[in-house]
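Residue strings, one per chain:
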Amino acid sequence: GENVEQHPSTLSVQEGDSAVIKCTYSDSASNYFPWYKQELGKRPQLIIDIRSNVGEKKDQRIAVTLNKTAKHFSLHITETQPEDSAVYFCAATGDSGYALNFGKGTSLLVTP
Amino acid sequence: SAVISQKPSRDICQRGTSLTIQCQVDSQVTMMFWYRQQPGQSLTLIATANQGSEATYESGFVIDKFPISRPNLTFSTLTVSNMSPEDSSIYLCSGAGGRNEQFFGPGTRLTVL
């Protein structure tokens, strides 16, 4: 099955700095790569996604890049704010094309 | 985005008993899924809930332990059977539309004593 590796497991940045989280996947058939933000005690929230026919997507302060050849994709958060502090999960579609396999998560801390 | 609700939100159960978790979505979704999330861990897919047919289980999960129903497009149940303390976890349902975007319910926090 699909294996999604995510790094780093923890990330601490100063407010205003950028944060980058990287993921790799194993199944070349994967075609959909979402990113979720999960605050403590809350459900995962979809923040951005990218499909295999696109190399980069941006939404205000967040962007995602995809390198299909290398099978890796990254989340970039610019001008970080304390409210960006949360656990971020990357995911990739597996064999079915719909079900998601998740990375282990990155705990992001943005300090004022 | 789809609005997804679950109930109960939490429960404390005795070992050997079973608990059924309900999931309702407010719009017709193509797919529904059930995940488990241990505290401080990632999400692990249990199964895909198929409308009107048996669910598709991931490796390590079996129908006898986690029977799933999906009688229509917007409703699904997950039963955790013959519970043990190892089943203590958060159980999340999700729904996905035609564009793969998957949205999660608030989760059910289960504690087995």
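For the structure itself, look to the data block above.
My aim in this report is to walk through the structure given alongside it, one point at a time. (Residues numbered from 1 in each chain as written. Chains lettered and ligands numbered in written order. Predicted model: local features only at pLDDT ≥ 70, side-chain atom pairs only at ≥ 80, totals over all residues. Heavy atoms only, no water.)

Overview of the overall build of chain B
Here comes step 1: Secondary structure summary: chain B contains zero helices and eleven strands in total.
Here comes step 2: Each helix and strand of chain B, placed in order from N terminus to C terminus, yields the pattern β-β-β-β-β-β-β-β-β-β-β.
Here comes step 3: For chain B, the C-alpha atoms occupy an extent of roughly 40 × 25 × 20 Å along the three principal directions.
Here comes step 4: A total of 113 residues make up chain B; the buried ones form 49% of that total.
Here comes step 5: Sequence-distant contacts in chain B: of pairs separated by 6 or more residues, those separated by 24 or more amount to 54%. (Helix = DSSP H or I, 4+ residues; strand = E, 2+ residues; numbered from the N terminus. Buried < 20%, exposed > 50% of the residue type's maximum accessible area, 1.4 Å probe, protein only. Contact = heavy atoms within 4.5 Å.)

As for the pattern of salt bridges
All names here are of chain A.
Here comes step 1: For the coordinates displayed, the defined rule picks out three salt bridges over all chains.
Here comes step 2: One salt bridge connects Asp 49 with Lys 57, and the closest N-O pair in it is separated by 2.8 Å.
Here comes step 3: Here Asp 49 falls in the buried class, since its relative accessible area comes to 4%.
Here comes step 4: The class for Lys 57 is partly exposed, based on a relative accessible area of 36%.
Here comes step 5: Notably, a salt bridge pairs Arg 61 with Asp 84, separated by 2.9 Å at the nearest N-O pair. Highlighted residues: Arg 61 in the loop between strand E6 (56-59) and strand E7 (62-67) and Asp 84 in the loop between strand E8 (72-77) and strand E9 (86-93), separated in sequence by 23 residues.
Here comes step 6: Of the residues examined, Asp 84 reaches a relative accessible area of 7% and is grouped as buried. (Salt bridge = Lys/Arg side-chain N within 4 Å of Asp/Glu carboxyl O.)

Note that all results are geometric; they support no functional claim without further evidence.
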